[in-house]
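Inside the fold
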Amino acid sequence: MNAKTAVILGLKVIALSIILSFCFTVASIASGISALPAGAEPPTVDAGTASLALLVASLLETTVLSYVILRSRWAGWKLVGAVFLAFYGLSTVLAQIESAVFLPRQLPPGMIPRLFVMGAIVA
């Protein structure tokens, strides 16, 4: 891989990371995760730190997926389906199974299904 190709690939990964961060934001709104329950106070969170953490996580996820996609022998819808299943399964299903088993009483009613919907929207 020459330097020009590496720079272009790096710029594509950065652009896709920004798009993925945006998808997380849109999915949290569309699935209802961002809505607070009645009477609940919003948590005090540093918006800059949260945004940076989301961008770093998106960059890591995009880098790993890009590596897998570029080295795949598959193409077209077969590759799209495989990446969707891998991304959704690893980022959502595995994490939310733990929530469903260990935290059902600590989470607000209806939160776990919304988390699964949010993950599907992002994937």
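Residues numbered from 1 in each chain as written. Predicted model: local features only at pLDDT ≥ 70, side-chain atom pairs only at ≥ 80, totals over all residues. Heavy atoms only, no water.

With a probe scaled to a water molecule rolled over the atoms, the places where space remains empty come into view. One number sums up the size of the largest pocket: a volume of about 410 Å³. Every residue lining the largest pocket is counted, 19 residues in all, and those nearest its centre are Leu16, Leu20, Thr62, Leu65 and Ile69. When residues of the lining of the largest pocket are traced back to their parent elements, those giving at least two are helix H1 (3-31), helix H2 (47-70) and helix H3 (76-102). Per element, the largest residue contribution to the lining of the largest pocket is seven residues, and it comes from H1. The computed volume of the second largest pocket comes to approximately 250 Å³. As for the second largest pocket, its lining consists of 13 residues, of which Val64, Leu65, Ala86, Phe87 and Leu90 are closest to the centre. Only H2 and H3 provide two or more residues apiece to the lining of the second largest pocket. Counting residues per element, the lining of the second largest pocket draws most heavily on H3, which supplies seven residues. Looking at the lining of the second largest pocket residue by residue, the classes come out as 10 nonpolar, two polar and one charged. (1 Å grid on protein atoms, 1.4 Å probe; cavity = no way out; pocket = protein on both sides within 12 Å on 5 of 7 lines; lining within 4 Å. Points joined across faces, edges and corners; volume = space filled by probe spheres on them. Helix = DSSP H or I, 4+ residues; strand = E, 2+ residues; numbered from the N terminus. Nonpolar A, V, L, I, M, F, W, Y, C, P; charged D, E, K, R; others polar.)

Time to look at the nonpolar core. Ranked by size, the top nonpolar core spans six residues in total: Leu20, Phe24, Ala27, Phe87, Met118 and Val122. Counting residues per element, this core draws most heavily on H1, at three residues. Discounting residues that sit within four places of it in the chain, Phe87 has contacts with Leu20, Glu61, Leu65, Thr92, Val122 and Ala123. (Core = buried A, V, L, I, M, F, W, Y, C linked by side-chain atoms within 4.5 Å. Buried < 20%, exposed > 50% of the residue type's maximum accessible area, 1.4 Å probe, protein only. Contact = heavy atoms within 4.5 Å.)

Moving on to the packing of aromatic side chains. Summed over the entire model, instances satisfying the criterion amount to one aromatic pair. An angle of 5° between the planes, with centres 5.8 Å apart, marks the rings of Phe84 and Tyr88 as stacked. One end of the pair, Phe84, and the other, Tyr88, are both in helix H3, four residues apart, so they sit about a helical turn from each other. Among the residues examined, Phe84 registers a relative accessible area of 33% and is labelled partly exposed. (Phe/Tyr/Trp six-rings, centres within 6.5 Å; stacked < 30°, edge-to-face > 60°.)

In this section: H1. Between the first and last C-alpha of H1 there are 41 Å, a value that for 29 residues agrees with the 42 Å anticipated at 1.5 Å per step. Each element contacted by the buried residues of H1 is listed here: H2, H3 and helix H4 (111-122). Phi turns positive, to about 90°, at Gly32, one or two residues after H1. (Expected span 1.5 Å × (residues − 1).)

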